[in-house]
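Understanding the architecture of this molecule
Read off the chains here:
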Amino acid sequence: MEGLLWLTLIATGLLLKSPHSTCECFQRVDLVFVLDSSTSVGNENFGKMLDFVKNFLQATNIDGGEVRVGIATYSTEARIEFNLKDYTNKNDLLKAVNNISWQYGSTNTADALLLMHDTMFKAVNGDRADVPNICIVVADGLSNINYGRTIPEADAARKKGIHIYAVGVGLHDLSEVDGIANKPSSRNVFSVNNFDELEILNIAIFESTCAGECFQRVDLVFVLDSSTSVGHKNFGKMLDFVINFLQATNIDGGEVRVGIATYSTGARIEFNLKDYTNKNDLLKAVDNISWQYGSTNTADALLLMHDTMFTAVNGDRADVPNICIVVADGLSNINYGRTIPEADAARKKGIHIYAVGVGLHDLSEVNGIANKPSSRNAFSVNNFDELEGLNNTIFESVCAVTTVATPTTTLSFYGFEKVDLVFILDSSTSVSRSDFHKMLKFCKDFLKKFDIDSGSVRVGILSYSTEVHDHFFLNAYDTSTDMFNAIDKISWIFGSTNTADAIRDMREKYFSFANGDRWDARNIAVILTDGVSNINANRLQDEARQAKNEGIHIYAIGIGLSDVTELNQIASVPASENTFIVNNFDELKDLDERIFGSLFPISSPRPTRTTTTITTRKPSTAKPNKLNIYTFVEDVLLSRPRPKPTTTITITMMPTSTSKLNEPYR
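Everything in this summary refers to the structure shown in the same document.

Conventions and cut-offs
Residues numbered from 1 in each chain as written. Predicted model: local features only at pLDDT ≥ 70, side-chain atom pairs only at ≥ 80, totals over all residues. Heavy atoms only, no water. Buried < 20%, exposed > 50% of the residue type's maximum accessible area, 1.4 Å probe, protein only. Helix = DSSP H or I, 4+ residues; strand = E, 2+ residues; numbered from the N terminus. Pairing = 2+ DSSP bridges. Axes fitted to C-alpha atoms, helices over the stretch in contact; angles between N-to-C directions. Core = buried A, V, L, I, M, F, W, Y, C linked by side-chain atoms within 4.5 Å. Contact = heavy atoms within 4.5 Å. Parallel < 35°, antiparallel > 145°, perpendicular 65-115°, else oblique. Nonpolar A, V, L, I, M, F, W, Y, C, P; charged D, E, K, R; others polar. Salt bridge = Lys/Arg side-chain N within 4 Å of Asp/Glu carboxyl O. Phe/Tyr/Trp six-rings, centres within 6.5 Å; stacked < 30°, edge-to-face > 60°.

**Let's talk about the pairing of strand S3 (residues 29–36)**
The buried count for S3 comes to eight of eight residues, which makes it a mostly enclosed element. Every second residue of S3 is oriented toward a common face, with Val29, Leu31, Phe33 and Leu35 on one face and Asp30, Val32, Val34 and Asp36 on the other, all of them buried. Of the strand pairs in this sheet, S3 and strand S6 (residues 133–139) are connected by six bridges, and their pairing is parallel. Directly across from Leu31, in S6, lies its bridge partner Ile134.

**Topic: the sheet that holds S3**
On the basis of which strands lie adjacent, the open sheet formed by six strands has the order S5-S4-S3-S6-S7-S8 and mixed pairing. Here the strands that pair on one side only, and so sit at the sheet edges, are strand S5 (78–82) and strand S8 (189–192). Neighbour-to-neighbour, the strand axes of the sheet open up by a mean angle of 20 degrees, direction not taken into account.

**Let's talk about the nonpolar core**
If you look at soluble globular proteins, the nonpolar side chains tend to sit buried side by side. Core analysis: the biggest nonpolar cluster contains 35 residues, and Phe423, Leu447 and Leu528 have the highest contact counts within it. Going through the elements one at a time, strand S15 (419–426), helix H15 (433–447), strand S16 (457–464), helix H16 (480–488), strand S18 (522–529), strand S19 (553–559) and strand S20 (579–582) are the ones with two or more residues in this core. Each residue touching Leu528, except ones within four places of it in the same chain, is listed here: Phe423, Ile424, Leu425, Asp426, Met439, Phe442, Tyr464, Ile557, Ile559 and Leu588. In this structure, Leu220, Phe222, Val286 and Phe384 belong to the second largest nonpolar core, which totals 33 residues.

**Observations concerning the packing of helix H8 (residues 232–246) against helix H9 (residues 279–287)**
Two numbers describe how H8 lies on H9: the axes approach to 9 Å, and their chain directions differ by 170 degrees. Judged on the interaxial angle alone, H9 and H8 are roughly antiparallel. Across the interface between the two elements, Leu239, Val242, Ile243 and Leu246 from H8 touch Lys279, Leu282, Leu283, Val286 and Asp287 from H9. In the contact of H8 with H9, the residues fall into seven nonpolar, no polar and two charged.

**Considerations on the pattern of salt bridges**
One pass over the full model with this rule turns up 28 salt bridges. The shortest N-O distance in the salt bridge between Lys438 and Asp435 comes to 3.6 Å. Of this pair, Lys438 and Asp435 both sit in helix H15, three residues apart, roughly one helical turn. A relative accessible area of 18% means that Asp435 is categorised as buried. A single network of salt bridges, built from pairs that share partners, joins Asp501, Arg504, Asp505, Arg507, Glu508, Arg539, Glu543 and Glu550.

**Quick notes on the packing of aromatic side chains**
Applying the stated criterion across every chain, the model contains 16 aromatic pairs. Ring plane angle 35 degrees and centroid distance 6.3 Å describe the contact between Tyr354 and Phe379, whose orientation is recorded as tilted. With Tyr354 in strand S13 (residues 351–358) and Phe379 in strand S14 (residues 378–381), this residue pair connects regions lying 25 residues apart in the sequence. As far as the burial class goes, Tyr354 and Phe379 line up, both buried. These aromatic residues form a ring-pair network of at least three members: Phe33, Phe52 and Phe56.

**Things to note about unusual backbone geometry**
The phi angle at Asn335 is positive, at roughly 55 degrees, despite the residue not being glycine. Among the structural elements, Asn335 can be located in the loop between strand S12 (322–328) and helix H11 (339–348). For Asn536, which is not a glycine, the phi torsion comes out positive at approximately 55 degrees. One can find Asn536 in the loop between S18 and helix H18 (537–549).

Below, the structure written as structure tokens:
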């Protein structure tokens, strides 16, 4: 993987694109790298680590004073190479990085983390009080000195508000790296096989660090369940969730206004949108909200939100998106017949509602409260402790619906959004070599209908028999010619039928940041099989369910099967629309049109004109279900102020580079 993508992250409101340069992160941030310099790294690989840092910093605004950088290294001991205050010129900074020398020794990660949070992120060393603190740790091994203190030191850093990203190089055991990084580890831990792969990782982490603050203008109201079932302790965790969420909003600059309502037997306003213009004062006000036990009157809370709080007299701005986040741990038991109608009334006023259900087995009411599709606007956690890992996910969702971009060149991709597509091919003995080649031909014929070269579609392929065989990941090929040549080289590897492991690897390995999965692309898997599992069959249904729960849409193709029970369990619901049966491998050639039509059910052409462009970044749940682009844009438009009857809105897709780069989204 080589080359840099001209990142077009206008959707985050944080990056600007120049046709002659890489993008630059204009966000204010104090950034410290903590680099492993132990013996196992070696001098050559340490140089690659420094190259990773330099490439990363090329895209930061050092000279303008927006970004400050410090670096610590560690082996047997930890040492500061330079502090945040030391360099204000990018060229001087890059020279300083280049001059850092490898110091071999043991692996004392704990002292490095202590040095980072206790010394480097200090005002005397250049830390700024009003700027986010971010740390990136790069390690190739587990701690072998003070290892009992490693994760506690990371926890101590987090308590000070330092956000930690961790990169593991060549590690089989990621438990320590997961413990060092912020939660959820799926978005804050990056794993590569070797130091050469760091080259493709810097953009992934760069985007993560740049996404730290939402600068879009938004009026935001929280509606919090304060009923008896919540309890005093859990209500405090709910307030912590709100406080953590608001840490990343631009209150002081006037971009974001916040109001909060709570409800139990009745509903009450804790404070309105107009009440606080200073973040510290706002956070103190949140912390002072008291738990009011009682029944669950969600309907009156929603009425209060849309009928009173989102009004001009209470601080609502006419030209700013209105967003509401509802957090509930139970179903309504007062006025429950009005709950969803009140949510509908809010939506008719252009208020976009996200709903979080805590410990709920029945999500029907939460799904009814949230905007459609509920798969992107309703969030479920098992308990209040899990709210901690959810705020970044919802924060990105809120930022996504508040962004307006300037007009861009229209890219036609059948009128739909990007797709990350993985084929799972049965390579068992019953298939035979000639039939396996027919399977490969089906893949190529199917892919000829997509615009691979534009970057709209990424493709990965794995096959399975007794074991799972990786052929290529989503970020392996960005031209159809190279991809089709790679498909032609895939070999039939006969054996038993281990479908469960194939679906597991599809979910865990293929739909991962490191291997090219993008946050703003639909995740689609197409499995082709001619038989029933005879290895790990007891795990198959659970593996398929887990993949679907993470938002991966599965189409299942059965060839010559008389019993389709297992196939229906694999496919997304309803199975009747996502399962396809053919009598033999020759009939595959007639199937690609049917599946393509199911993927993209175009009912009529949509005219495109060139007036105003709305470009958005989708919410990043663990794996959101991603519907067609028209449904998605409808949600976005509903979240914005209602346009005048004469307003013309044009939907255009962003052009993308064909660079071989593993970026999470573009």
